[in-house]
Amino acid sequence: MNDIHDLNNNMINAEIICYADDTAILFKGRNWEDTYNNTEMGMVAINDWLAKNLLTINHKKTKYLCFHKTAATQPNIPNHIKIHTCKLTQILDCNCQSIDRTNSIKYLGVILDQNLNFKEHTLSLANRIRKTAAILKKLRNSAEPFLLTRIYVAICQSIASYCISVWGSAAKTTLIIPERAQRCVLKVMHKKKFRFPTQTLYKEAKVLTIRQLFILRLCLSTHKKLLTSDLYDQLCKKRVFKMPSLYVNTSFGQRFGAYIRSHIYNGMLHYCNMKDMSVREAKIKLKDCLLQFDYFTTESILY
């Protein structure tokens, strides 16, 4: 499979990403028409590579989606992409196989939607979290509180934190859906009433909210990478220890990549001075600090 990446040099504005047997191809262009033409040309090259390796595309499983921010920027292109084996890339009514368009697709366990707001992923996640309540309800009368918390971390928190660094920066109205499911599980686990105060619930359970899990994961990965880089010594010599961040003009761009990572890390430094700590020490300190945060303080770290 490794030589499939050689096609990157032959395709226009495309990037091939492989993880085991899951392959994604990203095409881009100056406009939607340009992107559509690049995609069709790229898929011809992909199909030729597959034919040489005695492989074929599974057209039922293979889909494509167009990333755009708003309804006004939706692409005005056909709802399918032809994989031309007839070598006539300008003819749309040929009998070549095609790939259909979809609004969302599941890749490596994360549902990616065309607006990248992760609404579909959080809805699916909330349903999976709620299903764990039945297990914890059966165990709450027989297991010790410490053991019950360990089971919660193993079967519920592990689901909630999977790939959280990708989708954890979603909007408050989107992330509240799985957080409500998480609160439901905690109330069932600890035999609390329906309207039991949320802040008290998390403090008594000694667990983090989903947004706090995202902040913890990002801070630890950033801190670990920083400790092993040359940038760490340079920052220590400065009067203020602060990670450099890229300038991003739009609120959409501020939810992703280098900006949100450095922004959250710098924000947490005001509450938790982890500059000289190891990763393990920073994890303990960060968790204790986040447990004291209320909802609004947690959200202020991001926005």
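Residues take numbers from 1 onward in each chain, read along the sequence in its written order. The predicted origin of the model limits local features to residues at a pLDDT of at least 70 and limits the giving and counting of side-chain atom pairs to 80 or more, whereas totals for whole chains, interfaces and linings rest on all residues. Side-chain figures throughout are based on the complete set of non-hydrogen atoms in the structure, without hydrogens or water.

An unreviewed UniProt entry lists the protein chain under the name Reverse transcriptase domain-containing protein, with Plutella xylostella as the source organism.

1. Side note on the nonpolar core
What makes a nonpolar core is a set of buried Ala, Val, Leu, Ile, Met, Phe, Trp, Tyr and Cys residues whose side-chain atoms join them at distances within 4.5 Å. Three exposure classes are used, based on accessible area relative to the maximum for each residue type with a 1.4 Å probe and protein chains only: buried under 20%, partly exposed in between, and exposed over 50%. Of all hydrophobic cores here, the largest spans 55 residues; its most connected members are I129, I215, I264, M268 and M274. At nine residues, helix α8 (residues 210-227) tops the list of elements feeding residues into this core. What makes two residues a contact is simply this: any of their non-hydrogen atoms within 4.5 Å. Once residues within four sequence positions are removed from consideration, M268 is found in contact with I215, C219, M274, L286, C289, L290, F293 and I301. If you look at the next biggest cluster of nonpolar residues, it comprises 17 residues, including M43, L50, C66 and I77. Here a strand is any run of E in DSSP of at least two residues, a helix any run of H or I of at least four, and the numbering for each starts at the N terminus.

2. Considering the packing of helix α6 (residues 172-189) against helix α7 (residues 198-205)
Helix packing geometry: the angle between the two helix axes and the distance between the axes. In the contact formed by α6 and α7, the axes pass within 11 Å of each other and the chain directions differ by 60°. Of the possible angle classes, the one that applies to α6 and α7 is oblique. Our pair here, α6 against α7, has a crossing hand that is left-handed. Contacts between α6 and α7 involve E179, Q182, R183, L186 and K187 from the former and T198, L201, Y202 and A205 from the latter. Asp, Glu, Lys and Arg are counted as charged, while Ala, Val, Leu, Ile, Met, Phe, Trp, Tyr, Cys and Pro are counted as nonpolar; the rest, among them Gly, fall into the polar class. Of the residues belonging to the contact of α6 with α7, the class tally is four nonpolar, two polar and three charged. Angles shown run from 0 to 180 degrees and are taken between the N-to-C directions of axes, each axis being a line fitted to C-alpha atoms and, for helices, limited to the stretch in contact. To sort the angles, those under 35 degrees are grouped as roughly parallel, those over 145 as roughly antiparallel, those from 65 to 115 as roughly perpendicular, and the leftovers as oblique. Two helices cross in a left-handed way if the nearer one is turned anticlockwise from the farther one by less than a right angle. They cross in a right-handed way if the turn is clockwise.

3. A word on unusual backbone geometry
Phi is positive for L108, close to 55°, though the residue is something other than glycine. Secondary-structure assignment places L108 in the loop between β5 (104-107) and β6 (110-113). Backbone geometry places K206, a non-glycine residue, at a positive phi of 60°. By the secondary structure assignment, K206 is in the loop between α7 and α8.

4. Overview of the pattern of salt bridges
Here, a salt bridge means any side-chain nitrogen of Lys or Arg that lies within 4 Å of a carboxyl oxygen of Asp or Glu. Overall, the coordinates contain four salt bridges when judged by the stated rule. The partner of E204 in a salt bridge is K192, with the nearest N and O atoms 2.9 Å apart. Separated by 12 residues along the polypeptide, E204 in helix α7 and K192 in the loop between α6 and α7 bring together distant segments of the chain. You can call E204 partly exposed: its relative accessible area is 43%.

5. Structural notes on the side chain of S262
Looking at where S262 falls in the secondary structure, it is placed in helix α10 (residues 257-269). A relative accessible area of 3% means that S262 is categorised as buried. Under the rule applied, a polar contact is a pair of N or O atoms within 3.5 Å (in protein, one hydrogen donor and one hydrogen acceptor; residues adjacent in sequence only if both atoms are side-chain atoms). A distance of 3.3 Å separates a polar atom in the side chain of S262 from the backbone oxygen of Y259. In this structure, S262 is in contact with M243, P244 and S245, ignoring residues within four places of it in sequence.

6. Considerations on helix α2 (residues 119-131)
Given the number of residues in a helix, its expected span is that number minus one, multiplied by 1.5 Å. For α2, spanning 13 residues, the distance from its first C-alpha to its last is 19 Å, which sits close to the expected 18 Å at 1.5 Å a residue. Three or more residues of α2 are buried, namely H121, T122, L125, A126 and I129. Axial view of α2: buried residues confined to an arc of 135°, hence all on one face. Here the buried face of α2 lies against β6, α3 (133-139), α4 (145-160), α5 (164-167), α6 and α8. This arc is built from the directions going out from the helix axis to the C-beta atoms.

7. Re the side chain of T132
Relative to the assigned elements, T132 resides in the loop between α2 and α3. Within the local environment of T132, its side chain forms a polar contact with the backbone oxygen of I129, the two atoms lying 2.6 Å apart.

8. Here we look at the packing of aromatic side chains
Only centres within 6.5 Å qualify two rings of Phe, Tyr or Trp (six-membered ring in Trp) as a pair; their planes then separate them into stacked at under 30 degrees, edge-to-face at over 60, and tilted for everything else. All chains considered together, the criterion is met by four aromatic pairs. Judged by centre distance (4.8 Å) and plane angle (65°), the ring pair of Y271 and F293 falls under edge-to-face. In this pair, Y271 is assigned in the loop between α10 and α11 (279-291) and F293 in the loop between α11 and α12 (295-302), connecting sequence segments 22 residues apart. A relative accessible area of 44% places Y271 in the partly exposed class. Owing to a relative accessible area of 8%, F293 belongs among the buried residues under this scheme. Charges are assigned to positions over rings by a cutoff of 6 Å between ring centre and Lys NZ or Arg CZ, combined with an angular limit of 35 degrees from the ring normal. The lysine or arginine in question, K187, covers the ring of F194, its NZ or CZ lying 5.6 Å from the ring centre.

9. Digging into the pairing of β6
Strand residues, when the strand is regular, have side chains that alternate between the two faces of the sheet. Pairing geometry for β5 and β6, over four bridges, is antiparallel. Pairing of S104 across the sheet is with D113, part of β6. Only strands joined by at least two bridges in the DSSP assignment are considered to pair. Turn length for the β5-β6 hairpin, with the two strands adjacent in sequence and antiparallel, is two residues, and the turn residue L108 shows positive phi of about 55°.

10. Here we look at the confidence of the model for the protein chain
Summarising the model, the protein chain shows a mean pLDDT of 88, and 96% of its residues fall at 70 or more. pLDDT expresses how confident the predictor is about each individual residue, on a scale running from 0 to 100. Of all the helices and strands in the protein chain, strand β3 (residues 80-82) carries the lowest mean pLDDT, 81, while α2 carries the highest, 95.

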